[in-house]
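Chain by chain, the residues:
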Amino acid sequence: GFAPLAVEGAPLLLPVVAGALDIGPAAFFLAAAGAGGLDAYLFASGAEVPFLGLSAGAVAGLLLIPLTAVSAGVGVALGSLKN
């Protein structure tokens, strides 16, 4: 399931998330803009996944669009906590 991926990735993700929390909401908005921009670039460039012929924007969008929404949501939540 998902648990082994979460456990194996934790040593890499925890310092990144801790650093982003130290910076504040701007770090999460930057992550959201980066993920959304990458997906938009993949759609605009017409890149395809090798051997499948599928749009890279659509395939990567399955991960990038939720990541964009979650990152922006965390940025909004942190921003509202600081007030």
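All of these numbers come straight from a predicted model, not from anything done at the bench.

## Observations concerning the overall build of the protein chain
A count of helices and strands for the protein chain gives 3 helices and 0 strands. Moving toward the C terminus, one meets the helices and strands of the protein chain in the order α-α-α. Here the C-alpha atoms of the protein chain give a radius of gyration of 15 Å, more than 25% beyond the 12 Å that 2.2 N^0.38 yields for 83 residues. With respect to the principal axes defined by its C-alpha atoms, the protein chain has extents near 45 × 30 × 15 Å. Here the protein chain holds 83 residues, and the buried ones make up 20% of them. For the protein chain, the proportion of contacts with a sequence separation of at least 24, taken over those separated by at least 6, is 53%. Accessible area for the protein chain stands at about 5800 Å²; split by element, carbon and sulfur atoms hold 78% of it.

## Brief notes about helix H2 (residues 25-45)
A rise of 1.5 Å per residue sets the reference length of H2, with its 21 residues, at 30 Å; its end C-alpha atoms lie 30 Å apart and thus fit the reference within 8%. Within H2, burial applies to Pro25, Ala27, Phe28, Ala32, Ala35, Asp39 and Leu42. Once H2 ends, the next one or two residues include Gly46, with phi positive near 70°.

## Quick word on the layout of surface pockets
Empty space within the largest pocket amounts to approximately 340 Å³. In terms of lining, the largest pocket is formed by Leu13, Val16, Val17, Ala20, Ala27, Phe28, Ala31, Leu67, Val70, Ser71 and Val74. Listed by contribution, the elements that provide at least two residues to the lining of the largest pocket are helix H1 (3-23), H2 and helix H3 (56-82). Residue composition of the lining of the largest pocket, grouped by class: 10 nonpolar, 1 polar and no charged.

## A look at the side chain of Ser71
Checked against the element boundaries, Ser71 lands in helix H3. Using a relative accessible area of 8% as the deciding quantity, one classes Ser71 as buried. In contact with Ser71, other than residues within four places in its own chain, are Phe28, Ala31 and Ala32.

What counts, and at which threshold
Residues numbered from 1 in each chain as written. Predicted model: local features only at pLDDT ≥ 70, side-chain atom pairs only at ≥ 80, totals over all residues. Heavy atoms only, no water. Helix = DSSP H or I, 4+ residues; strand = E, 2+ residues; numbered from the N terminus. Rg over C-alpha atoms; globule rule 2.2 N^0.38 Å. Buried < 20%, exposed > 50% of the residue type's maximum accessible area, 1.4 Å probe, protein only. Contact = heavy atoms within 4.5 Å. Areas by Shrake-Rupley, 256 points an atom, 1.4 Å probe, with all protein chains shown as cover. Expected span 1.5 Å × (residues − 1). 1 Å grid on protein atoms, 1.4 Å probe; cavity = no way out; pocket = protein on both sides within 12 Å on 5 of 7 lines; lining within 4 Å. Points joined across faces, edges and corners; volume = space filled by probe spheres on them. Nonpolar A, V, L, I, M, F, W, Y, C, P; charged D, E, K, R; others polar.

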